[in-house]
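Residue strings, one per chain:
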Amino acid sequence: MADVTVYHNPRCSTSRAAVETVTAAGIPATVRNYLKEPLTRDEWLDVLAKLDAEPTELVRRDPNFERSGLTDGDVASAEQVASVLAEQPQLAQRPVLIRGDRAIIGRPKSAVEPFLA
């Protein structure tokens, strides 16, 4: 089994559930609190290259997004998303799980177990 990296926000119940699912599966994991240890633009680009979703889906559309003055047009490409998330990691969807050359956004919670199989 390949190791898993989890970009994690411990305040998020979905993120905590993903870490618990990985642990219960007995898969070695690296868990990184991306708010305390922000990813660089290049690291986000690497995640986006592996992501099983459109790059813009990695950006949360919450009050922080609105307060930032961002629009959907500002996060349309992988390059734009990587730049925004490197500057404002709180806008990242969570959790993000990476295994080998694949990555997913771990929501809903039910998406994590099939990804690990």
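Note that this is a predicted model, so its numbers are computed, not measured. Once a new chain begins, its residue numbering starts again from 1 and follows that chain's sequence as written. pLDDT decides what is reported in this predicted model: residues at 70 or higher carry local features, side-chain atom pairs at 80 or more are listed and counted, and totals for whole chains, interfaces and linings draw on all residues regardless. The basis for every side-chain value is the complete set of non-hydrogen atoms in the structure, without hydrogens or water.

## Some details on the overall build of the protein
Then, number 1: Summing up its helical and strand segments, the protein has 5 helices and 4 strands in all.
Then, number 2: Working definition: helices are DSSP H or I runs of at least four residues, strands are E runs of at least two. Numbering for both runs from the N terminus. When the helices and strands of the protein are placed in sequence order, the string is β-α-β-α-α-α-β-β-α.
Then, number 3: The C-alpha radius of gyration computed for the protein amounts to 14 Å, which stays within 12% of the reference 13 Å derived for 117 residues, consistent with globular compactness.
Then, number 4: On the principal axes, the C-alpha backbone points of the protein span a range of 40 × 25 × 25 Å.
Then, number 5: Only protein chains enter the accessibility calculation, which uses a 1.4 Å probe. A residue is then buried if its area is under 20% of the maximum for its type, exposed if over 50%, and partly exposed in between. Here the protein, with 117 residues, has 44% of them falling under the buried criterion. Our radius of gyration looks at C-alpha atoms and nothing else; its globule reference is 2.2 Å times the residue count to the power 0.38.

## With respect to helix α1 (residues 13–24)
Then, number 1: The length a helix should cover is 1.5 Å for every residue beyond the first. The terminal C-alpha atoms of α1, which comprises 12 residues, lie 16 Å apart, in line with the 16 Å expected from a rise of 1.5 Å per residue.
Then, number 2: Along α1, the positions that sit buried rather than exposed are Thr14, Ser15, Ala17, Ala18, Val19 and Val22.
Then, number 3: Buried residues along α1 sit against β1 (4–8), β2 (29–33), β3 (96–99) and α5 (112–116).
Then, number 4: Looking at the residues trailing α1, positive phi occurs at Gly26, about 75 degrees. Residue contacts are counted whenever heavy atoms from the two residues lie within 4.5 Å of one another.

## Things to note about the pattern of salt bridges
Then, number 1: Take a side-chain nitrogen of Lys or Arg and a carboxyl oxygen of Asp or Glu: if they are within 4 Å of each other, that pair is a salt bridge. Per the stated rule, a full pass over the model turns up 4 salt bridges.
Then, number 2: Its salt-bridge partner being Asp72, residue Arg61 comes within 2.9 Å of it at the nearest N-O pair. Taken together, the residues Arg61 in the loop between α2 (41–50) and α3 (63–67) and Asp72 in the loop between α3 and α4 (78–87) connect sequence positions 11 residues apart.
Then, number 3: Residue classification places Arg61 among the partly exposed positions, given a relative accessible area of 39%.

## Quick notes on the environment of Thr30
Then, number 1: Assignment of secondary structure puts Thr30 in strand β2.
Then, number 2: The partly exposed category is assigned to Thr30, whose relative accessible area is 49%.
Then, number 3: Residues Thr30 and Leu97, 67 residues apart in the sequence, show an inter-C-alpha distance of 9.9 Å.
Then, number 4: Once residues lying within four places of it in the same chain are set aside, the contact partners of Thr30 are Val4, Thr5 and Val6.

## Some remarks on the sheet that holds β2
Then, number 1: Here, strands pair whenever DSSP counts at least two bridges between them. The strand order β2-β1-β3-β4 describes an open sheet built from 4 strands, whose pairing is mixed. Looking at the sheet topology across the chains shown, the edges are occupied by β2 and β4 (102–105). Going from strand to strand, the sheet's axes swing by 15 degrees on average, the running direction of each strand aside.
Then, number 2: In the sheet, β1 pairs with β3 via 3 bridges, with the strands oriented antiparallel. Along β3, the bridge assignment pairs Tyr7 with Val96. Here an angle of 0 to 180 degrees is reported between the N-to-C directions of two axes, which are lines fitted to C-alpha atoms, with helices fitted over the stretch in contact.

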